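This is what each chain is made of:
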Amino acid sequence: MEEKEVDETNYITLFEGKNGDFIQITSMDIEGVMRRRLLDLGFVPGAVVEVVRKSPLGDPIAFRVSQTTIALRREESSKIQGELMNRD
């Protein structure tokens, strides 16, 4: 019997993350100036983003990427998809 985990990868948007989650970015559905700004800040495919703090009402959310903390609104964070990393 193999000790292989069930191939149940967790793909979520950054908005769906919970405090303390680490999410590896897989894609962004944002265009224009905002896309360029996010790319410049380190929100690039492959980067690992930490959900630092969610506001009481869930918007905005503070994220840490490349040692930078930035708050994103639901409008942006719901358009960035990634894979939820295990907390091992």
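All residue numbers refer to position in the chain's written sequence, counted from 1. Residues qualify for local features only when their pLDDT is at least 70, as the model is predicted, and side-chain atom pairs are given and counted only at 80 or more; totals for whole chains, interfaces and linings, by contrast, use all residues. Excluded from the side-chain calculation are hydrogens and water; included are all heavy atoms of the structure.

Colleague: I tried to follow the overall build of the protein on my own but got confused; where do I start?
Modeller: The way it works is that DSSP assigns letters per residue, a run of H or I at least four long becomes a helix, a run of E at least two long becomes a strand, and they are numbered from the N terminus. Across its full length, the protein holds two helices and six strands. For the protein, the N- to C-terminal ordering of α and β elements is β-β-α-β-β-β-α-β. Throughout, a contact is declared for two residues whenever any of their heavy atoms are within 4.5 Å. Long-range pairs, those at least 24 residues apart, make up 60% of the contacts in the protein between residues at least 6 apart in sequence. Per-residue and other accessible areas follow the Shrake-Rupley method at a 1.4 Å probe size, with only the shown protein chains counted as cover for residues. Working note: accessible area of the protein is about 6100 Å², and carbon and sulfur atoms make up 47% of it.

Colleague: What is the right way to read the sheet that holds strand β3 (residues 48-54) from this model?
Modeller: Pairing between the strands of a sheet is mediated by backbone hydrogen bonds and can be parallel or antiparallel. Pairing between two strands is assigned when DSSP locates at least 2 bridges connecting them. Taken together, six strands build an open sheet; the order of strands is β1-β6-β2-β3-β4-β5 and the sheet is antiparallel. Two strands lie at the open edges of the sheet, namely β1 (11-13) and β5 (68-72), each paired on one side alone. Strand-to-strand, the axes of this sheet are offset by a mean angle of 40°, without reference to chain direction. The sheet contact formed by β3 and strand β4 (residues 61-65) spans four bridges and is antiparallel. What sits directly across from E50, in β4, is R64. Comment: axis = line fitted to C-alpha atoms, over the contacting stretch for helices; angle = value between 0 and 180 degrees taken between N-to-C directions.

Colleague: What is the right way to look at the nonpolar core in this model?
Modeller: Proteins that are soluble and globular tend to have nonpolar side chains buried together. Core analysis: the biggest nonpolar cluster contains 18 residues, and L14, L38, F43, V49, F63, L72 and I80 have the highest contact counts within it. The residues contacting L14, other than those within four sequence positions of it, are I23, F43, V49, F63, S77 and I80. Here the nonpolar core consists of buried residues drawn from Ala, Val, Leu, Ile, Met, Phe, Trp, Tyr and Cys, with membership extended through side-chain atoms lying within 4.5 Å. When a residue's accessible area, from a 1.4 Å probe over protein chains only, is under 20% of the maximum for its type it is buried; when over 50% it is exposed; and in between it is partly exposed.

Colleague: I would appreciate a short explanation of the side chain of S77 in the present structure.
Modeller: When you line up the elements, S77 lands in helix α2 (residues 74-77). A relative accessible area of 0% places S77 in the buried class. In this view, S77 contacts T13, L14, F15, I61, F63 and L72; residues no more than four positions away in its chain are not counted.

Colleague: What is the right way to read the packing of aromatic side chains from this model?
Modeller: When we look at a pair of aromatic rings, we describe it by the centre distance and by the angle of the planes. Paired rings are identified among Phe, Tyr and Trp, the last through its six-membered ring, by centres lying within 6.5 Å, and are further divided according to the angle between planes into stacked (under 30 degrees), edge-to-face (over 60) and tilted (the rest). As enumerated under the stated definition, the model contains zero aromatic pairs in all. Counted as over-ring charges are cases with an Arg CZ or a Lys NZ within 6 Å of the ring centre that also lie within 35 degrees of the ring normal. Its end group placed over the ring of F15, K54 keeps NZ or CZ at 5.1 Å from the ring centre.

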